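Residues per chain are reported as follows:
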Amino acid sequence: MELIGGILQARYCSSQNENPTEQQHEYEESTEEFKYVEKLLNNKMIPTPPQHAEYPTPSGWYPQTEEASKLPYFVHRNKFHNMPVYLLKKGPLERTKILKVDGDIQLFCEDLKNYLSMKYPSKIHYTHINEINNKVLVRGDHVGEVVEFLKEKGF
């Protein structure tokens, strides 16, 4: 015991008094209840989509083709099997955001610019590449055109 600032302080260490073998506890492992826990966990893998008789489906969805895997770049789908193309609005500015671009992102951006310049020859299309996050930003609302471009490439 020590006297610190007028207060008597006692320190006890329980690890010195007890035997380490006495601290082991028995437990029971049950796998039956784990099925309830699995429902709460997120899926790490994208489940395979169901097979349809014809494509595109009534909702307009279609699977990726094998042509897409032969290109030097690849655009992955999101967990709902949709294209990762989004419209960002911040005040009067509109930008189209393409996510999950892997591979040669520079070549992807060049191909996209060429496609947009064929659609709109009088416009200059400004793009921003973020290689760390694998995304491309295009100035303006070009969601429909980018989705058409990705469909043509087989993504």
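Residues numbered from 1 in each chain as written. Predicted model: local features only at pLDDT ≥ 70, side-chain atom pairs only at ≥ 80, totals over all residues. Heavy atoms only, no water.

- For the protein, the name recorded in an unreviewed UniProt entry is Large ribosomal subunit protein mL49, with Magallana gigas as its organism.
- Quoted verbatim from the Subcellular location (unreviewed entry) field of UniProt, the annotation for the protein is "Mitochondrion".
- The heading Sequence similarities (unreviewed entry) in the UniProt record of the protein holds the text "Belongs to the mitochondrion-specific ribosomal protein mL49 family." (UniProt positions renumbered as here; feature names shortened; annotations may be inferred.)

**Concerning the overall build of the protein**
- Within the protein, the secondary structure is distributed over four helices and eight strands.
- Reading the protein from its N end, one meets helices and strands in the order β-β-α-α-β-β-β-β-α-β-β-α.
- Looking at the 155 residues of the protein, the share that counts as buried comes to 23%.
- A fraction of 61% describes how many contacts in the protein between residues 6 or more apart in sequence connect residues 24 or more apart.
- Split by element, the accessible area of the protein, about 12500 Å² in all, is 52% carbon and sulfur. (Helix = DSSP H or I, 4+ residues; strand = E, 2+ residues; numbered from the N terminus. Buried < 20%, exposed > 50% of the residue type's maximum accessible area, 1.4 Å probe, protein only. Contact = heavy atoms within 4.5 Å. Areas by Shrake-Rupley, 256 points an atom, 1.4 Å probe, with all protein chains shown as cover.)

**A look at the pattern of salt bridges**
- Enumeration over the complete set of coordinates arrives at two salt bridges.
- For Glu-94, the salt bridge identified is with Lys-89, shortest N-O distance 3.7 Å.
- Judged by its relative accessible area of 30%, Glu-94 is partly exposed.
- Across the pair Glu-148 and Lys-119 runs a salt bridge whose closest N-O atoms are separated by 3.1 Å. Of this pair, Glu-148 sits in helix 4 (residues 143-153) while Lys-119 is found in helix 3 (residues 105-119), placing the two residues 29 residues apart along the sequence. (Salt bridge = Lys/Arg side-chain N within 4 Å of Asp/Glu carboxyl O.)

**Notes on a nonpolar patch on the surface**
- A cluster of nonpolar residues, Phe-34, Val-37 and Leu-41, forms a patch on the protein surface that exposes about 260 Å² of accessible area.
- Note on placement: Phe-34 falls in helix 2 (residues 34-40). (Patch = residues over 30% accessible without salt bridge, like charges linked within 9 Å, V, L, I, M, F, W, Y side chains within 5 Å.)

**Describing helix 3**
- Taking 1.5 Å per residue, 15 residues should reach 21 Å; helix 3 reaches 21 Å between its end C-alpha atoms and fits that length.
- Within the span of helix 3, buried status applies to Ile-105, Phe-108, Cys-109, Leu-112, Tyr-115 and Leu-116. All buried residues of helix 3 project into a common sector of 125 degrees when viewed along the axis, lining one side.
- Looking at the buried residues of helix 3, the elements they touch are strand 3 (73-75), strand 5 (93-98), strand 6 (101-103), strand 7 (127-130), strand 8 (135-139) and helix 4. (Expected span 1.5 Å × (residues − 1). Arc of directions from axis to C-beta.)

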